[in-house]
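Each chain is listed here by its residues.
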Amino acid sequence: MSRTRSVASSVLGVNRRSVLAATAAVSVSAGVGYALRPTDSQAATPSAGEAPVAQSRRAPAAPLAPYTRGTTLASVAAPRTSTGYRRLGDGAGWSRKVRAELAAPKSGRAGRRTALAAFVQLTDLHIMDTQHPMRLEYLRSTDVHAWRPHEALSVPGAISLVERVNALRGAPVTGAPLHFAMTTGDNTDNNAKTELEWFLKVMSGGRITPNSGDPRHYEGVQNSGIKQFWNPDSALRDADKQRGFPRLQGFLAAAVRELNSPGLNLPWYSTVGNHDAMPLGCYGHGDSWLAEYAVGGKKLMSLSAAEAKKLQTAIKNASDPMGIAFRDLLKAHTRDMRSVTPDERRAPYTPAEYIKAHLDPAYRGVGPVGHGYSTANLDAGTQYYTFRIADDVIGISLDTTDPGGHYEGSIGTAQLRWLDRTLRDNKDSHAVVFSHHTSKTMDNTRPDPARPGERRHNGDEVLAVLGRHPHVVAWVNGHIHRNDITPHPGASGRSFWEISTASHVDYPQLARVIELVDNKDGTLSIFTTLVESSAPHRTDFADLSQTGLAALYREISFNAPGARTDLAGDAGDRNTELLLKKA
C-alpha cells in the first residue's frame, strides 16, 4: 500500500526514485514512462519526501495515436442558422498550430519523441445554485450579460464534460494514458455549500439534485414573471423570447430534477478560485448579516439600472471588498424582496470546510484522497500543494485568491517563498504550475485579513520566480474564460508557456488535454488539444433528458445576450504544439 500523501511541502524531490518504487511504478507503452498508483493514505501529516502521485489509466492495447475523434480537431459546435436565436450543429474542426517563439521545430521530431506526461485541464465550471438569495441576477438591468439564461443547467453541462473526458482514448497526439485531471478553480460560483456538494459529486460520481429551497419546485428569476429574464415555461413575452429564445414547457422542472454523474475515471486534483473562496467571487468573509441572508427566506430579484450600475462598478473597482455597501443595499431593499424557502445548505463555506469536503471519503472517486489537499493544509491554513505527475514531472497547485476581497488575485510571501523552494528542491524534474488566476490578473495585493502583516505579490513577481528555474515548462490557469497561450522567454533556456483555457460556463465551453513530450533533440513540445462536452451539437427542444439539457446548455450559452465572441481565442491559442528548449 502506498504511503504517499498530499502536502504543501518543498521536499518532493527527496528520494524521488524511492517514492516511485514505494508506489509500485510500472512501465507502460507509448513511451509515457511510469503509471503510478494513487495514494491510499488518509491524508495524515506527511513524512519528508512524500506527496500524492497521479495515476494514469492502463495503456491502450493497440496504438491509437494520433487521433482526432471526440476533440475539436474533428469538429466544433457552430451555428447553422444566421439570425435570431441561432441553432447549433456540427462545424469544422480547429487545426493544430505549431508555435516556435521559444524554440525552433526540428525535422523528424515526431519519430523521436517520447511522452513524459498527459493530463486534462478543466476550469471555471461555475457550478451554480441559481435559486440562491445572494445571486446578482438583477445586474442584468445595466449589463445584459450579468445574468446568463443557461445558468440553471451548469450541473448537466459539467456531467457531460466528465463523460467526454472519460471517453477519450488517451492523449490525442501520443496515445499515452492520461495521468489525471486538474480543475483550475471557480469550481463553484457563489461559495455555497450546495454548489460544493454538487461539484464534488460531478467529479467523483453520484446522484445530484441541483435544487435548493423548496424541494418541490424552482424558486428563482426564471419563473418570476420579470420580463428582463428568460421565463422558459411561461407564455410571457420576456426580453429573451423577443430575441428568439424558445418557450420550453417543463424546462425548470427538468433543471432541478435528480441527475447522475459517473465521476471521472481517472484521478483528479483541485485548485481553488475566487468564486470558490469568496461569496460571489469578490466579497471577503466576515459579515454575519450576509451569511444569514444567504440561508434566509428573502431574495432580491430586481433593481433599477442606476443602482445596478453603481453596484457593478463597485465590484469591478474593488471599492467594497468586504461587501459592506452591498449589505446596506440589500437592507435598503428589504421590502422589494420576494419570499423563498430558507435553506441552511446554502451557507457560505470557509477555506477549512472546502478542504474538509475534498477529504471526505464520500467524494474520493478514484482518488487521490483529498484531491491534492491534506490535513497538513488544514493544520497550516493553506490551499497550495505539490504532487508528482510522472517520473520526471511534478505538479504545483497555487492558491492565488485574495481573502481580502475582489475577484483578481495575488499570493502571500510565505507561498511565494514555498514556490521558489519547491522548484529549487525539485530541479531534476520538469515542473507544471497550476493556478486559477493568470499572470495578468494577479494585480490585487490587498492584505489577507488573517495575515495582515504579510505582503502580497502580483503576477509579475510570480513570473520572476518561475523564470529563475529552467525546469518550469508551463503555467496552466483559467479565470479569464478565454483561450490564451503566452510565451514567457528568458535567458539560458529559462522559458515557459502560460496556458489559459476557456471556461465551461461561457461558450465555447471547453476543456483542454495537455501532453508534454521530449523530442530527443534538445527541445520539448507541449501539445494542447481542446475538447467539448459529450452532448450532441444539435439540440431538440422536446428533449429535456440529462443529455438534452447538456446540449441546451451549450446552445443557450452561444445565444446568451451580450456574450463575448472572442473567448475561443485565435488559432494559436487552441490546438497547438508549443516548443521550448529543454533545460
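Structural data are supplied above this passage.
Structural notes, computed from the coordinates. This one's a predicted model, so the numbers in the text were calculated from it and none came from an experiment.

## Observations concerning the layout of surface pockets
Considered as a void within the structure, the largest pocket measures approximately 1000 Å³ in volume. His145, Arg148, His275, Tyr407 and His481 are the residues nearest the centre of the largest pocket, which is lined by 29 residues in total. Within the residue set of the lining of the largest pocket, elements represented by two or more residues are helix H7 (274-277) and helix H9 (305-317). Among the elements that take part in the lining of the largest pocket, H9 stands out by supplying 3 residues, more than any other. Of the residues that constitute the lining of the largest pocket, the class distribution is 10 nonpolar, 7 polar and 12 charged. Looking at the second largest pocket, its volume works out to about 550 Å³. What lines the second largest pocket is a set of 27 residues, among which Pro351, Gly381, Pro403, Asp448 and Arg451 lie closest to the centre. Those elements giving two or more residues to the lining of the second largest pocket turn out to be helix H11 (351-359), helix H12 (375-380) and helix H13 (413-425). For the lining of the second largest pocket, the element with the highest residue contribution is H11, accounting for 3 residues. The residue inventory of the lining of the second largest pocket, partitioned by class, reads 12 nonpolar, 10 polar and 5 charged.

## Structural notes on the nonpolar core
One finds Ile389, Val432, Phe434, Ile499 and Ile526 to be the most contacted residues of the largest nonpolar core, which totals 69 residues. Looking at this core, the element that brings in the most residues is strand E6 (residues 114-122), giving 7 residues. Leaving out residues up to four positions away in the same chain, Phe434 has contacts with Phe119, Phe180, Met182, Thr184, Thr271, Phe387, Ile389, Gly395, Ile396, Ser397, Leu398 and Val476. Listed in part, the 25 residues of the second largest apolar core include Leu153, Leu252, Ala255 and Ile556.

## So, the pairing of strand E23 (residues 576-581)
Where burial is concerned, most of E23 is hidden: 5 out of the 6 residues are buried. Here 6 bridges tie strand E22 (residues 523-531) to E23, and the two strands are oriented antiparallel to one another. Of the residues in E23, the one forming a bridge with Ile526 is Leu578.

The rules behind the values
- Residues numbered from 1 in each chain as written.
- Predicted model: local features only at pLDDT ≥ 70, side-chain atom pairs only at ≥ 80, totals over all residues.
- Heavy atoms only, no water.
- 1 Å grid on protein atoms, 1.4 Å probe; cavity = no way out; pocket = protein on both sides within 12 Å on 5 of 7 lines; lining within 4 Å.
- Points joined across faces, edges and corners; volume = space filled by probe spheres on them.
- Helix = DSSP H or I, 4+ residues; strand = E, 2+ residues; numbered from the N terminus.
- Nonpolar A, V, L, I, M, F, W, Y, C, P; charged D, E, K, R; others polar.
- Core = buried A, V, L, I, M, F, W, Y, C linked by side-chain atoms within 4.5 Å.
- Buried < 20%, exposed > 50% of the residue type's maximum accessible area, 1.4 Å probe, protein only.
- Contact = heavy atoms within 4.5 Å.
- Pairing = 2+ DSSP bridges.

None of the figures reported here should be taken as evidence of function without further support.
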